[in-house]
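What follows is the residue order along each chain.
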There are 2 protein chains.
Amino acid sequence: MSPVKPRTLSGFMELTPSRQVQFDRMVSILSETYKRYGFTNLDTPLIESSDILLAKGGGETEKQIYRFQKGDADLSLRFDLTVPLAKYVTLYQNELTFPFRRFQIGKVYRGERAQRGRFREFYQADIDVIGDGSLDISNEAEIPSIIYTAFTELGLSRFKIRVNNRKVLNGFYAILGLSEKASEIMQIVDKLEKIGAEKVKNLLIEASITSEQADEILSFTSITGSNSEVLNALAAYKGQHELFDTGLDELTALTKYLAVFGVPEEHFAVDLTIARGLDYYTGTVYETVMLDHPEIGSICSGGRYDNLAEYYTNKTLPGVGISIGLTRLFYVLGEQGYLNDELLTSPADVLVLPMTDDLSLAISIAQHLRSEGIRTQVYTENKKFKAKLTYANKLQIPFALLLGEDEITNKVVAVKNLDTGVQETMSKQDAITHIKAYLDTRKQGKPIKE
Amino acid sequence: MSPVKPRTLSGFMELTPSRQVQFDRMVSILSETYKRYGFTNLDTPLIESSDILLAKGGGETEKQIYRFQKGDADLSLRFDLTVPLAKYVTLYQNELTFPFRRFQIGKVYRGERAQRGRFREFYQADIDVIGDGSLDISNEAEIPSIIYTAFTELGLSRFKIRVNNRKVLNGFYAILGLSEKASEIMQIVDKLEKIGAEKVKNLLIEASITSEQADEILSFTSITGSNSEVLNALAAYKGQHELFDTGLDELTALTKYLAVFGVPEEHFAVDLTIARGLDYYTGTVYETVMLDHPEIGSICSGGRYDNLAEYYTNKTLPGVGISIGLTRLFYVLGEQGYLNDELLTSPADVLVLPMTDDLSLAISIAQHLRSEGIRTQVYTENKKFKAKLTYANKLQIPFALLLGEDEITNKVVAVKNLDTGVQETMSKQDAITHIKAYLDTRKQGKPIKE
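What you see is a predicted model, and the numbers here were worked out from it, not measured in a lab. (Residues numbered from 1 in each chain as written. Chains lettered and ligands numbered in written order. Predicted model: local features only at pLDDT ≥ 70, side-chain atom pairs only at ≥ 80, totals over all residues.)

### So, the relation of the copies chain B and chain A
One copy of the chain maps onto the other through a rotation about an axis followed by a shift along the same axis. For the pair chain B and chain A, the superposition axis carries a translation of 0.0 Å, the fit reaches an RMSD of 0.0 Å, and the rotation angle comes to 180°. The superposition operator between the copies reduces to a two-fold rotation axis. Taking C-alpha positions as reference, the residue of chain B nearest the rotation axis is B:Phe68, located at 3.0 Å. A symmetric contact is evident, with 100% of the interface residues of chain B recurring at the interface of chain A. (Least-squares fit on C-alpha atoms with pLDDT ≥ 70 in both. Contact = placed C-beta atoms within 7 Å.)

So, in C-alpha cells, the structure goes:
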C-alpha cells in the first residue's frame, strides 16, 4: 500500500518539542498567576450544541464557526471561552458562589482565511469575575493588574495596557446629542491611528455629522497626556450628562486602584480612542499593545459587561474579563526572536550512558536521580559512544552520566557537563548535588527576552 | 427574547470548580512523573484531515468518529493520541532525535452510545517511546514502571499491571500448528474471565479446533502463580518455535527489569490471558486493573508495536506505549468516593475582608500575600459581614483576614482560621508565616484515598 502523505492542517499550530517547552512555560506562568489571584480553573467541552453556542446569533462569527451534524445533533466547536462561560455560570448558578472568579486556558476554533500568523485553532487565556446583580469597580482595576503581573513574570516589559470607559464615550456623544450615532462614530474614530484626523473628519461628515460636531469629537479624542492630565481634561465635560459623570468617576477610581495594585503608570494609559468593537461592553474597556510592535494590534483585550448570559437567563450577571490571544502572541514572540533560548528546553536534565550490556545499574541510578526530582533518561540502544553523546547534544541535555566497568567497580559516576565539556568523577551523592546546583543556574531568567 | 435553555452535551464531562481542582491535581502529577522520566510534551491539533486520521481505515473507529466538512476540507476530530503521534513523528522525523520519548495528555472524541460513565469527549494520558529501526527491551519495562510510579504518587495502591507477550502467544499457537487461527483463538480466550473454561472450550471447538488442542490452550492459559512460577512453566514449551523462545526471553527480561525499576511484584503479574484486541501490538502487552473494581476493565493499557507509522512512511518506527483513560478513571474514582476531599479545593487560601469603604489597604495586603505565593482574594462587594464569611465558607477558603479601622490604626490584621474558627490578631509578617504553616498541613496527602 502506498503511504498517505502526512501533513498538519494549515492554520493549526504544531510545535517542535523544544518550542512546546517554551509554550508550556508561558501557560504555566499564566495559570499560576491567575491562581495566585484566587481564580479557579474551568475546562469546558470543546463541542457544544449549536443552539447554545449561537444563541447570540449572526455576524462574522457564524460564518467562521466549525459546525457539523453528528447523528441528530447539530454541534459546533467553541469559538471563544466567553460563551461557554455564560452557559456554565447559568447552568451551575446554584452551586457557584458569587463573585465567581474563573480562568480558562483552552483552544478555540475559527475558520478564518488562512494566512501567516493567523490561526484556526488557537489558545485563549481568559480571566473573568462574574457578579450576582452587581460588581464593585475595584474588579475592573484588578483584571488589568493581573495582566500586568503575568506579562511581567513572562518577561515582557515593552507593553502598555490602554483603558477607557464606554460610559465616558456614550456620555460624551449624548452631550453632543449624537447618542443614536455613537456606535457608528466609534467605528470611524477607531480608524484614527490608521488614517489620521483629516480622513476621520471626512468620514464623520459623510455620516451626517456637522463639521462642528466632528471637530468636537476630534478634540475629545485628541485629549492625551499623563493619566491625571487626561482625567483633568475630561473634568471639563462634567455636569452635562449623568452617564458621562458616572463613567468619569469609574475611570478615576480605576486609575486610583491600578496604582494601589502596583501597576506602574508607564504600563497603563487612559486612552479615549479605545472603544472595543463588541456591543456588550458597558464600562471599562482594555486593549494591550506591544510598544515595539503596534502592527500586531492588541494582544490582550476585554472589558466590563452588564449581562454575561442574557441569552440563557433573566438573571443579571455583570462581569469583567480579559483574554490573551496566546497562540498568536507566542507566534509573534517566536518570529521576533523574543523567546529566551537560554532556559532549558531539553526533555531531560541527565542522560545516563551505560557502557555495559546489562542496564540494571544504569536504571537504578536513573531511578535514584528521578526520586531527587532530576529529569533523567537512560540511553538504552546499543550504539557507539559517539552516537550516544550526539543524542544528548542534539536534545541539549546538559549532563551525561557515564557508567563503565571502572565506575561500577569504584562505586562512582563520571559526570560530563555537556555545556562546558568538563567531565568529573564523583560519588553518586556528590553528582546529585553538583547537577542540581548547575540546573539552578539554567533556571534563571524569564521565558521572554525582549 | 425568551432565553435558550443552557445544557452540556451528554457524554461530555464538565466539572464543578472543586472537582476540577481534583482533576487538575491528577493531571499535574501525571505530567510531572512523565517529565521526570525524560518525556517531552506534545500538543497536536484536535482536528486533522480525515484521510490522515483514517489512513488505517475501517472498523468500529470510523463509525464513532466526529467527521465533518469545512469548506472543501474533509476533517475529523482525533479519536486517540496514537494516530496523531504517528503523523507527528513521520512529519518531523528529521528534526526529532530517536529514541523519541513523548507524552501527551489531551482530549479525544468518540461518538459512543451515551451511557453512565461512558464519555464522548475524554482525556487520554499517553506515553510512548519510538525507536528508529530498533528499540531495546528495557523500554518495555520502563513504561509500566512509570505507570506504577504515577499511580503510587496519585495515591492508588490497589492496582495490578498485567503483562504478557504477543510473541509468546503467537509462538505457542504456532507450536500447535494454529498460527492462522491465533487471532480468532485469542478473541475467544479473552472471554475466559467472563464465561469460564467450559464455555470457552465449546467456542474453540465451534471454531474447528480439536478437543485436544482446546485442552492444550486451556492448560496453557491456566498457568498462574508468581512471576517466576509462570516463567518456569513456560520454559516447558521452549525449543519448539523460535518466536515463542524470543517472546519468553523478552518476558524474562521484562520481569527482571521491572524489579530493577523498583516495581514490587504485588503490582505486576505475568498473565497469559492478556492479548489486547489490537493487531498492531507485536511484543509486550499491558493491562492495568483496579483490584477492587475488576468490573470497570483496564484503566491503563498498551504494548509494544513494530511499526507506528506504516500508513505514512516506509521507515520502520518500532515503539512501546501506554495510555490512561483519565476521564473514565476520574469518574470512577469520584463514584467510588476515592477522591481525597481533605486536600484543599478552594480557589484561594485567604479571603481579605475589608471593613472600610476604601479598598486600598485591603488590596495592598492582598498583593503582599500574593507576592509570597499565597492565593488571595479580596471580598469587594458591599455586603454584611455574615454574607462575606458565608462566601468564604462556601468556597472552603481556609483563612479570612479581617481589616477594620482598629486593625488599620494598629497596623495589624485579624486572621480567622475558618477550619477551626480561631481568630487571632497579629502583624502582617506573622500572619504570612502563620498562614503558610497551616497551608502546609493542608497539602499533606495524595489526591486518591482508597
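### Let's talk about the packing of helix α6 (residues 166-175) of chain A against helix α12 (residues 242-260) of chain A
Residue and element names in this part refer to chain A. For the pair α6 and α12, the least separation of the axes is 7 Å and the interaxial angle reads 150°. Classed by the angle they form, the pair α6 and α12 counts as roughly antiparallel. Where α6 crosses over α12, the handedness of that crossing is left-handed. Taken together, the residues of α12 that come into contact with α6 (itself represented by Lys167, Val168, Asn170, Gly171, Phe172, Ala174 and Ile175) are Leu243, Phe244, Thr246, Gly247, Leu248, Glu250 and Leu251. For the contact of α6 with α12, the per-class residue count stands at eight nonpolar, four polar and two charged. (Axes fitted to C-alpha atoms, helices over the stretch in contact; angles between N-to-C directions. Helix = DSSP H or I, 4+ residues; strand = E, 2+ residues; numbered from the N terminus. Parallel < 35°, antiparallel > 145°, perpendicular 65-115°, else oblique. Left-handed = near helix turned anticlockwise from the far one by under 90°. Nonpolar A, V, L, I, M, F, W, Y, C, P; charged D, E, K, R; others polar.)

### Description of the sheet that holds strand β4 (residues 73-77) of chain B
Consider a sheet: its strands pair through backbone hydrogen bonds, and that pairing is either parallel or antiparallel. All names here are of chain B. Read from one edge of the open sheet, three strands run β2-β4-β3, paired in antiparallel fashion. Looking along the sheet, the strands with just one partner apiece sit at the ends: β2 (47-49) and β3 (67-70). Strand after strand, the sheet turns through a mean of 40° between neighbouring axes, direction not considered. As judged from the four bridges shared by β3 and β4, these two strands associate in the antiparallel manner. Bridge pairing in β4 places Phe68 opposite Leu75. (Pairing = 2+ DSSP bridges.)

### With respect to the packing of α6(A) against helix α7 (residues 182-189) of chain A
Residue and element names in this part refer to chain A. In contact at an axis separation of 10 Å, α6 and α7 are set at 115° when each is read in the N-to-C sense. In terms of orientation, α6 and α7 fall into the roughly perpendicular class. Crossing handedness for the pair α6 and α7: right-handed. Counting all contacts with α6, which are made through Leu169, Asn170 and Tyr173, the residues of α7 involved are Ala182, Ile185 and Met186. Here the contact of α6 with α7 is built from residues that sort into five nonpolar, one polar and no charged.

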